[in-house]
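# Commentary on secondary and tertiary structure
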Amino acid sequence: MIRMGLIGLGGISKTHIRTYKAMGDRVTLQAAAEINEALLNEVCDREAIPERYTDPLKLIREAHIDALTICMPPVGRAELIGAAVARGIPVLCEKPMATTEEEARRIEKICAASDVPVLVNFKMRQGDNFQKIKEFLEKPGVGKPLTILCRYALVTDLAIWQPPKWFWDMKTSGGLLIENGGHIIDYLLWIAGGVDRLYAYLEQKTIADRPEAYMRETQTEDNAILIMKHQGGCTTTLLNTICYPGNRDASLEIATSGGYFIELSECKHLRIRSGEQIILDAPDERYGVGDCYTSKHFINDVLLDGQKPFVDYRDGAAALRIALAARASARKNAWVVPGGLEE
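This section reports on the structure supplied with the text. (Residues numbered from 1 in each chain as written. Predicted model: local features only at pLDDT ≥ 70, side-chain atom pairs only at ≥ 80, totals over all residues. Heavy atoms only, no water.)

## What about the overall build of the protein?
Defined as follows: Helix and strand assignments follow DSSP, with helices taken as H or I runs no shorter than four residues and strands as E runs no shorter than two, numbered in order from the N terminus. Computation of the radius of gyration draws on C-alpha atoms, with the globule rule given as 2.2 Å multiplied by the number of residues to the power 0.38. Per-residue accessibility, obtained with a 1.4 Å probe over protein chains only, is compared with the maximum for each type, and a residue is labelled buried under 20%, exposed over 50%, and partly exposed between these values. Contacts are assigned to residue pairs that have any heavy atoms within 4.5 Å of one another. Calculation of accessible area relied on Shrake-Rupley with a 1.4 Å probe; when residues are assessed, cover is drawn exclusively from the protein chains displayed. Lys and Arg are tallied as positive, Asp and Glu as negative. Neither His nor the chain termini are counted. Charged side chains are reduced to one point each, which is NZ for Lys, CZ for Arg, CG for Asp and CD for Glu.
If you tally the helices and strands in the protein, you get 12 helices and 16 strands. Here the C-alpha radius of gyration of the protein, 20 Å, is about what a compact globule of 343 residues would show, namely 20 Å. In terms of its C-alpha atoms, the protein occupies a principal-axis envelope of roughly 60 × 45 × 40 Å. For the protein, buried positions account for 53% of its 343 residues. Restricting to contacts in the protein with at least 6 residues of sequence separation, those with at least 24 account for 67%. Accessible surface, the protein as shown: approximately 15000 Å² in total, 50% of it carbon and sulfur. For the protein, the distance from the average site of its 41 positive side-chain charges to the average site of its 46 negative ones is 1 Å.

## Points about the environment of Gly 10
Note that Gly 10 resides in the loop between β1 (2–7) and α1 (13–21). Taking the C-alpha atoms as reference points, Gly 10 and His 230, separated by 220 residues in sequence, lie 36 Å from one another.

## A short note on the packing of aromatic side chains
The geometry of an aromatic ring pair is captured by two quantities: the separation of the ring centres and the angle between the planes. For clarity, the threshold we go by: Centres within 6.5 Å are what make two rings of Phe, Tyr or Trp a pair, Trp counting through its six-membered ring; a difference in plane orientation under 30 degrees is then read as stacked, over 60 as edge-to-face, and the rest as tilted. As a reminder, the over-ring test applies to NZ of lysine and CZ of arginine, requiring each to be within 6 Å of the ring centre and within 35 degrees of the ring normal.
Under the counting rule described, the total for this entry stands at seven aromatic pairs. Arranged with centres 5.9 Å apart and planes meeting at 65°, the rings of Tyr 187 and Trp 190 form a pair that is edge-to-face. Taken together, the residues Tyr 187 and Trp 190, both in helix α9 (residues 182–192) and three residues apart, mark about one turn of the helix. Each member of the pair, Tyr 187 together with Trp 190, is buried. Taken together, a centroid distance of 5.9 Å and an interplanar angle of 50° make the contact between Tyr 199 and Trp 335 tilted. Note that Tyr 199 is positioned in strand β8 (residues 195–203) and Trp 335 in the loop between α12 (313–332) and β15 (336–337), a separation of 136 residues in sequence. A relative accessible area of 25% means that Tyr 199 is categorised as partly exposed. The partly exposed category is assigned to Trp 335, whose relative accessible area is 28%. One aromatic cluster in this structure is built from Phe 130, Tyr 187, Trp 190, Tyr 293 and Phe 310. Positioned above the aromatic ring of Phe 310 is the side chain of Arg 125, whose terminal nitrogen or guanidinium carbon lies 5.8 Å from the ring centre.

## Thoughts on the pairing of strand β13 (residues 269–274)
Note the following rule: DSSP calls a pair of strands paired once it identifies at least 2 bridges connecting them.
As judged from the six bridges shared by strand β12 (residues 260–265) and β13, these two strands associate in the antiparallel manner. Each bridged residue has a counterpart across the sheet, and for Glu 263 the counterpart in β13 is Arg 271. In this antiparallel pair of consecutive strands, β12 and β13, the connection spans three residues, and Glu 266 shows a positive phi of 50°. Bridge analysis of β13 against strand β14 (residues 277–281) gives four bridges, and the strand direction is antiparallel. Looking across to β14, one finds that Arg 271 is bridged to Asp 281. The antiparallel pairing of β13 with β14 creates a hairpin that spans two residues between the two strands, and Gly 275 there sits at a positive phi of about 65°.

## Quick look at the state of the cysteines
Threshold: Two cysteine sulfurs form what is called a disulfide whenever their separation falls within 2.5 Å.
Applying the stated criterion across every chain yields a total of zero disulfides. Free cysteine: Cys 93, not disulfide-bonded; nearest cysteine sulfur from Cys 71 at 8.4 Å. In this structure Cys 150 is a free cysteine whose sulfur lies 9.1 Å from that of Cys 267, the closest cysteine sulfur available. The exposure class of Cys 150 is buried, given its relative accessible area of 2%.

## A few points about the packing of helix α4 (residues 77–86) against helix α5 (residues 101–112)
This is how it is decided: Axis lines are fitted through C-alpha atoms, for helices just across the contact stretch, and the angle between N-to-C directions can take any value from 0 to 180 degrees. If an angle is under 35 degrees, it is roughly parallel; if it is over 145, roughly antiparallel; if it lies from 65 to 115, roughly perpendicular; otherwise it is oblique. For this classification, Asp, Glu, Lys and Arg are treated as charged, while Ala, Val, Leu, Ile, Met, Phe, Trp, Tyr, Cys and Pro are nonpolar and the rest, including Gly, are polar.
Where α4 contacts α5, the axes come no closer than 9 Å and their chain directions differ by 10°. With respect to each other, α4 and α5 are oriented roughly parallel. Of the residues in α5, those touching α4 at Ala 78, Glu 79, Ile 81, Gly 82 and Val 85 are Glu 103, Arg 106, Ile 107, Ile 110 and Cys 111. Looking at the contact of α4 with α5 residue by residue, the classes come out as six nonpolar, one polar and three charged.

## Side note on the side chain of Gln 126
How we decide: Polar contact is defined as a pair of N or O atoms within 3.5 Å, subject to the rule that within protein one atom must be able to donate a hydrogen and the other to accept it, and that residues adjacent in sequence are counted only when both atoms are side-chain atoms.
Structurally, Gln 126 can be placed in the loop between β6 (118–121) and α6 (128–137). Polar contacts involving the side chain of Gln 126 include one to the side chain of Thr 294, which spans 2.9 Å.

## Considerations on the nonpolar core
What counts is decided by this rule: Put simply, buried Ala, Val, Leu, Ile, Met, Phe, Trp, Tyr and Cys residues joined by side-chain atoms within 4.5 Å make one nonpolar core.
If you look at the biggest cluster of nonpolar residues, it comprises 77 residues, and the most contacted ones within it are Leu 59, Ile 60, Leu 68 and Ile 81. Excluding its chain neighbours within four sequence positions, the residues that come into contact with Ile 60 are Ile 7, Leu 68, Leu 80, Ala 83, Ala 84, Arg 87 and Ile 89. Counting residues in hydrophobic clusters, the runner-up holds 21 residues, among them Leu 6, Val 27, Val 43 and Ile 49.

Shown next as structure tokens:
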């Protein structure tokens, strides 16, 4: 049985707790850390978690755990990952893995020198229809993606993000593209390959009208447009926004060199055409991409079966660098390569 430690007991932790508890005798919730002591006691009492800490580093150093799931806000994750790897504790980290290039390099150096698994939870890879697209693109004759049009829209009602304020604070979240857009950026890199150069335009639309001073003054974007030139020749246009009404989530249009056209609407409905002939019309996938696929993969495949991670720290660093390059491009009004350098 895997004894799991959990750091951060906010909203996303509920999904991991529910998933782990449903896995029966394969995993048990052994320890939790949360700076809000009242929340810590409430969750640990309700979920029968025996060890509790207000200091996450103390949990890593002292708790009787075999693995760790990190759900706290993004800033400071590098220190936690480093401490866990030093103890030989495998990690599943919520995205983003880090918020700065310096943090990413620190994590890469730590992980590259160790065989301790460090996974990053990118949800777009988890959905059945998203995986069907990846599988279809790998079939003979389909060809490579030539152009991709993608929209990734977060829920419009900003009230759901208050509190906490950390989501709109660049110092703690890294901004919309890093904290939210990392999901779809990772998926685009997965299906279309690395990026040679990109151009981005970032702006505040909805946030600028909010009465809260911290939201008016924040430097984070709520509407981002990226054009990415992939190393394999594909050109992707991505809109990451909160300005669409309702929870629209992700839509994709992909044209391939083999003459196929792939459409995914609102994460739900997948259709593939060859010319005007429909060759796949998949049933709608329920909203809420995947079913905590990465948590199950972490326990069943990586920890219990010894498989290599489906997604790891290298993918986390790659997605982060695209978002950082986008911010550099918008600031300079220029094409840049990942890393923020002008072309």
